[in-house]
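Topology and contacts: notes
Read off the chains here:
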Amino acid sequence: MSGPPGEGPVTPGPVTPGPDGPQSPGPGTPQDAGTPAIATSASGDAPPPASGGEETAQDGRQPFGRIILESIVEGNSAMVTTLAIVAAIVVGGLLIAFTDPVVLTAWSNFSANPGNAFAQAWDSAAGSYSAMFEGAIFNPHTIAAVFQQASLASALHDGYVSAVFNPLSETAVNATPLILAGLAVALAFRAGLFNIGATSQWIGGAMLATWLGFGVSLPPFIHCVVCVIGGFVGGAVIGWVVGVLKARTGAHEVIVTIMLNYVMEYLLSYLLGTSALGKPGSNDLISPNIAGSAVLPHIAGPSLRINAGFLVALAAAVGVWWLLSRSTLGFEFRTVGANPSAARAAGMSVERTWILVFLIAGGLAGLSGAAVVQGTDHFLTFQSYGTYGIDAITVALLGRARPLGTVLAALLYGGLYAGGVQMQAVTQTPASMTEVIQALIVLFVAAPAFVRALFRLRGAKAGGEGQTLAKGWSG
Amino acid sequence: MRGTIKTAAAFTVVALLAAACGSNTSKAGGGSSNSPSTSATGLKACMVTDTGGIDDRSFNSSSWQGVQEAQAADPSQIAAYPTGIKYLQSTTQSNYVPNINAFVGDKCGMIVTVGYLMGPATETAAKAHPSQHFGIVDYNYTPVLKNVDGLLFDTVQDAFLGGYLAAGMTKTGKVATFGGEDFPTVTIYMDGFWDGVQYYNSQHHKSVKVLGWDEQTQKGAFTGDFTNQTKGETLTGTFLTEGADIIFPVAGNVGLGAAKAVQDADSQGDNANMEWVDTDGCVSAPQYCKYFITSVEKGIQTAVKNAILTSVKGTFAGGNYIGTLANGGVTLAPYHDFASKVPAALQSELATIKTGIENGTIKTPTKSPV
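Keep in mind that this is a model prediction, so the values were computed, not measured.

**Concerning the overall build of chain B**
A tally of regular secondary structure across chain B gives eleven helices and 14 strands. Put simply, chain B has 370 residues, and 55% of those count as buried. If you take every contact in chain B between residues at least 6 apart in sequence, the share linking residues at least 24 apart comes to 69%. Surface summary for chain B: the accessible area is close to 15,200 Å², and the carbon and sulfur share equals 56%.

**Here we look at the overall build of chain A**
Along chain A, the regular secondary structure elements total 20 helices and zero strands. A burial count over chain A gives 55% of its 475 residues as buried. Long-range contacts, defined as pairs at least 24 residues apart, comprise 76% of the intrachain contacts of chain A with a sequence gap of at least 6. For chain A, the exposed area adds up to about 19,200 Å²; of that, 70% sits on carbon and sulfur atoms.

**What about the nonpolar core?**
Judged by nonpolar contacts, the single largest core of 186 residues is most densely connected at L187 and L364 of chain A together with L165 and I308 of chain B. With 14 residues, helix α9 (residues 160-190) of chain A is the single largest residue contributor to this core. Of the domains in this structure, domain 1 (45-153) and domain 2 (156-297 + 340-358) of chain B are the two that each give at least three residues to this core. In contact with L187 of chain A, not counting residues within four places along its chain, are V320, L323, L324, F333, V357, I360, A361 and L364 of chain A. With 24 residues, the next largest nonpolar core counts L256, V262, Y288 and F292 of chain B among its residues.

**Some details on a nonpolar patch on the surface**
Residue and element names in this part refer to chain A. A contiguous nonpolar surface patch, about 670 Å² in accessible area, is contributed by F133, I137, F138, I143, F147, F165 and L168. Of all the secondary-structure elements, those providing two or more residues to the nonpolar patch are α7 (140-148) and α9. Structurally, I143 can be placed in helix α7. Taking relative accessible area as the criterion, I143 reaches 30% and is therefore assigned partly exposed.

**Some thoughts on the confidence of the model for chain B**
Residues and elements named next belong to chain B. Averaged over every residue, the pLDDT of chain B is 87; the share at 70 or more is 89%. The least confident element of chain B, judged by mean pLDDT, is helix α1 (residues 2-34) at 44; the most confident is helix α5 (residues 156-169) at 97. Under a pLDDT of 50 for its full length, residues 13-40 has, in the predicted model, 21 contacts with residues more than four places off or in other chains.

**As for the packing of aromatic side chains**
Tallied over the entire structure, the rule returns 22 aromatic pairs over all chains. For the ring pair F98 of chain A and W107 of chain A, a centre distance of 5.1 Å and an interplane angle of 70° mean the geometry is edge-to-face. Taken together, the ring pairs in this structure connect F98, W107, F110 and F118 of chain A into an aromatic cluster. K246 of chain A extends its terminal NZ or CZ atom over the ring of W354 of chain A, reaching a point 4.4 Å from the ring centre. Stacked on the ring of F338 of chain B, the Lys or Arg K341 of chain B has its end atom at 4.5 Å from the ring centre.

**Side note on the sheet that holds strand β14 (residues 330-332) of chain B**
Residues and elements named next belong to chain B. Read from one edge to the other, the open sheet built from six strands follows the order β7-β6-β10-β11-β12-β14, with strand pairing classed as mixed. Every interior strand has two partners, whereas the edge strands, β7 (209-211) and β14, have only one. Strand-to-strand, the axes of this sheet are offset by a mean angle of 15°, without reference to chain direction. With five bridges joining them, strand β11 (residues 273-278) and strand β12 (residues 292-298) adopt parallel strand pairing. Across the sheet, residue E275 finds its bridge partner in β12, namely T294. Each of β6 (174-179), β7, β10 (246-250), β11 and β12 is contacted by helix α6 (residues 184-204), which is oriented at about 170° to β6, the strand it contacts most.

**Focus: the pairing of β6 of chain B**
All names here are of chain B. Judged by how many residues are buried, β6 sits mostly within the fold: five of six residues are covered. Running through α6, the crossover from β6 to the neighbouring parallel element β7 is right-handed. The pairing of β6 with β10 spans five bridges and is parallel. By the bridge assignment, T177 is partnered in β10 with F248.

**Here we look at the packing of α9 of chain A against helix α16 (residues 350-377) of chain A**
Residues and elements named next belong to chain A. Taken N-terminus to C-terminus, the directions of α9 and α16 make an angle of 170°; their axes are 7 Å apart at the nearest point. Relative to α16, the element α9 lies roughly antiparallel. Note on element contacts: α16 touches α9 through V357, I360, A361, L364, A365, L367, S368, A371, V372 and T376, opposite V173, T176, P177, L180, A181, L183, A184, L187 and A188. Across the contact of α9 with α16, the residue classes tally to 16 nonpolar, three polar and no charged.

**Here's the deal with the pairing of β10 of chain B**
Residues and elements named next belong to chain B. Summarising burial for β10: five of the five residues are buried, a large majority. Burial of the side chains of β10 extends over both faces: I246, F248 and V250 are buried on one face and I247 and P249 on the other. Note: β10 against β11, two bridges, orientation parallel. Following the sheet pairing, I246 is matched in β11 by N273. Between the parallel pair β10 and β11, the chain is carried across by helix α8 (residues 254-267), and the sense of this crossover is right-handed.

**Some details on the state of the cysteines**
Residues and elements named next belong to chain B. Tallied over the entire structure, the rule returns two disulfides over all chains. Across the disulfide, C46 is cross-linked to C108 (sulfur-sulfur distance 1.9 Å). The sign of the -80° torsion about the S-S bond sets the C46-C108 disulfide as left-handed. Of the two residues, C46 sits in strand β1 (residues 45-48) while C108 sits in the loop between α3 (96-105) and β3 (110-114), which places them 62 residues apart along the sequence. The residues C46 and C108 share a single accessibility class, namely buried. The residue that forms a disulfide with C282 is C289, at a sulfur-sulfur distance of 2.0 Å. In this structure the cystine formed by C282 and C289 twists about its S-S bond by roughly 85°; its chirality is therefore right-handed. A relative accessible area of 13% means that C282 is categorised as buried. On the basis of relative accessibility, which here comes to 13%, the residue C289 falls in the buried class.

**Some details on the side chain of S368 of chain A**
With respect to the helices, strands and loops of the structure, S368 of chain A is situated in helix α16. When residues no more than four places from it in sequence are discounted, the contact partners of S368 of chain A are P177, L180, A181 and W202 of chain A.

**A few points about unusual backbone geometry**
Omega for the peptide link from Y81 of chain B to P82 of chain B comes to 0°, which places this bond in the cis form. Within the secondary structure layout, P82 of chain B lies in the loop between α2 (59-73) and β2 (85-88). In this model, T142 of chain B is joined to P143 of chain B through a cis peptide bond whose omega is -10°. By secondary structure assignment, the location of P143 of chain B is in the loop between β4 (133-137) and β5 (148-153). We note that A401 of chain A has phi near 60°; this positive angle belongs to a residue other than glycine. Inspection of the secondary structure assignment puts A401 of chain A in the loop between α17 (388-398) and α18 (403-427). Of note, Q428 of chain A is a non-glycine position whose phi angle comes to about 60°, a positive value.

**With respect to the pattern of salt bridges**
Within this structure, the stated rule accounts for twelve salt bridges over all chains. As a salt-bridge pair, E170 of chain A and R305 of chain A come within 3.0 Å of each other at their nearest N and O atoms. Placement of the pair is E170 of chain A in helix α9 and R305 of chain A in the loop between α12 (253-272) and α13 (308-326), with a sequence separation of 135 residues. Pair check on accessibility: E170 of chain A and R305 of chain A agree, each one buried. Its salt-bridge partner being D106 of chain B, residue K86 of chain B comes within 2.9 Å of it at the nearest N-O pair. Of this pair, K86 of chain B sits in strand β2 while D106 of chain B sits in the loop between α3 and β3, and the two are 20 residues apart along the sequence. Classification of K86 of chain B by relative accessible area gives buried; the value is 6%. Given the relative accessible area of 22%, D106 of chain B is considered partly exposed. Members of the salt-bridge network, linked through shared partners, are K44, K86 and D106 of chain B.

Criteria and cut-off values
- Residues numbered from 1 in each chain as written.
- Chains lettered and ligands numbered in written order.
- Predicted model: local features only at pLDDT ≥ 70, side-chain atom pairs only at ≥ 80, totals over all residues.
- Heavy atoms only, no water.
- Helix = DSSP H or I, 4+ residues; strand = E, 2+ residues; numbered from the N terminus.
- Buried < 20%, exposed > 50% of the residue type's maximum accessible area, 1.4 Å probe, protein only.
- Contact = heavy atoms within 4.5 Å.
- Areas by Shrake-Rupley, 256 points an atom, 1.4 Å probe, with all protein chains shown as cover.
- Core = buried A, V, L, I, M, F, W, Y, C linked by side-chain atoms within 4.5 Å.
- Domains from an automatic or database assignment.
- Patch = residues over 30% accessible without salt bridge, like charges linked within 9 Å, V, L, I, M, F, W, Y side chains within 5 Å.
- Salt bridge = Lys/Arg side-chain N within 4 Å of Asp/Glu carboxyl O.
- pLDDT = per-residue confidence, 0-100.
- Phe/Tyr/Trp six-rings, centres within 6.5 Å; stacked < 30°, edge-to-face > 60°.
- Lys NZ or Arg CZ within 6 Å of the ring centre and 35° of its normal.
- Pairing = 2+ DSSP bridges.
- Axes fitted to C-alpha atoms, helices over the stretch in contact; angles between N-to-C directions.
- Right-handed = clockwise from strand over helix to strand, strands pointing away.
- Parallel < 35°, antiparallel > 145°, perpendicular 65-115°, else oblique.
- Nonpolar A, V, L, I, M, F, W, Y, C, P; charged D, E, K, R; others polar.
- Disulfide = S-S within 2.5 Å.

Below, the structure is given as structure tokens:
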């Protein structure tokens, strides 16, 4: 990270906001980019990663944090990410197998019956993963049940058809808050900022959305929209505080966001204990239920939990993509992210950009809170924020800080969570195993980035990285 | 790269061969032992944990203990883990609904949920599946739900006894308590402890002081969570420095930090002891048993076990259960190492007070009523 305003060396480094990956429609040249310098640099958007990499590889004086950031945003190819997922699933499978008491017993008798030892290990891992698949994507038994019904109409009516789509619905429900919070982190990454505070912004949004949900009485559709907007505003306020502190005082956003997480967690606990947010007549730290008019409607029938929050999340992803790739503001964000000094020299207000980035990022994380409260939970407790804010960081990393990547990563995580429930219910494999797999994915994705950051290497070829990865998990 | 692929391929081939050879014997062995006991008459007892997890040394592990005891009590009707009894862990609050739904779909006869945070989720599921039996620990419903056993515990009663005992045992005239967080389920213990000390003072014309809590102002010491043992150790160290010699932590695993501080004080020759909370400390943390005068127990285990057994026997009635001293739902644990150290007079006074609380002649006020 470059320090407070004016501290960084005024190197005429490349103002490369980075190639936009597969979803990039081409050079993101803004219509009214001010000076000629910017116009030239905007064309740096077009060349493939390799050339961008060569330029910065010679610059050994960049701060460590900045190199990590750039590695995240520009580094890994889709190939590496895919290989990382495969590697994590393989290692996870070994962990599932060799923490299973049945398998361990079989292996303790390895010399007597080696076949059984392998068979038990395979059964354990395969059983867990197939249960996970059934919980996250689709369960063949539910299809069979549909065909056993007399007619399609009766199958529809009795809920057999919706049972087929339940796993996908659960995946989407789990992914929704992760998409939104992930975007909050990804947007900041693109502007060269670490947003570790998605948790605090989530709480800010959730508190305002909940309060509007039960404290205000409005007509159905309007109430719902007002609460969603309230979620954005609540998160944006918290994000704005971070941006202002960084811009005005130079306080590092990592410290500020982490500390604000604690502030907001305790504020939430406190407010739930008062009449402001707590349930009247109860000592429990839980809010009243929001009004039915504030609930995000189900979009695939009442028996599936998927709700309009998923659409909000997808719309937000498109919005962030448009912002980053199509708007002047987004161009400024990326320019400040790539080289604040150059951005300043080109006449951009770096401080204003920081504040705006955190304002929007906070709003996105706040929307995540609103989506959970209005979509599935319908009330707020002292631990509603769960691990969304932390997962958001890994989702954004995995999605390479791109909107589309973030959506896909969130869907992967959502699927792992949804499948984890089924896996635990059917095979009693601890659901924590899904978290281990998630952590392994991030570890494998992050390891090449870290290695390159440490050795000041950039833009390794995809094949080279595949090799590093393969070496990593064979030995 | 190529070498890796070869190794992986070789391993896969070996594994597949092994699977093909081994599957016959293993399947036959595993299947025969399980299937007869899960006949149509059997019942599955399933538990959804709170975010604390199955081994939190607190209400989740106590509840799971109760499920296991129910299975042990009626093995002909409830098969062993993981067929007849099973659990799902909630890592975040968003897991509650899917976990409960997974068990409803799994045809569990009885679903036990843990903690008031699961109250709304359990209520929704209970209303959607009126013939499904539920039990919920630390929560109940007004009006009552016919298919849910709401299990609450009036821990102010045994904490009152614990406070009286601490006041009778202190040599410095100061005792201390602290909580994990300022939650009603925590402060009810602290209220009872405080009441017990005041009652001792009024009976014996003493002025034993309670550090860390005041029932009148409802203000006191909290570590901020139920996991960080270092905070418990630091806070207990402070209390000991201020002259307290008996500590009553109401903070789950944080209490282990308190025990560490007590042990350190003891090794330096200071007199320091404590009372454990929720479970019998000599069972859940036996390494510190010699410092536990007693434990202020909450009978979650027994309540969960009984709820499941009524479901098995077909006598399940639903409604609300409140554990008290009278019905054994809350209790002081045995003195263990202190059996000879607690004066006989004090023991008989405690017995008298217990009767007094049971028949209502001694009041146990609290600002966090169940």
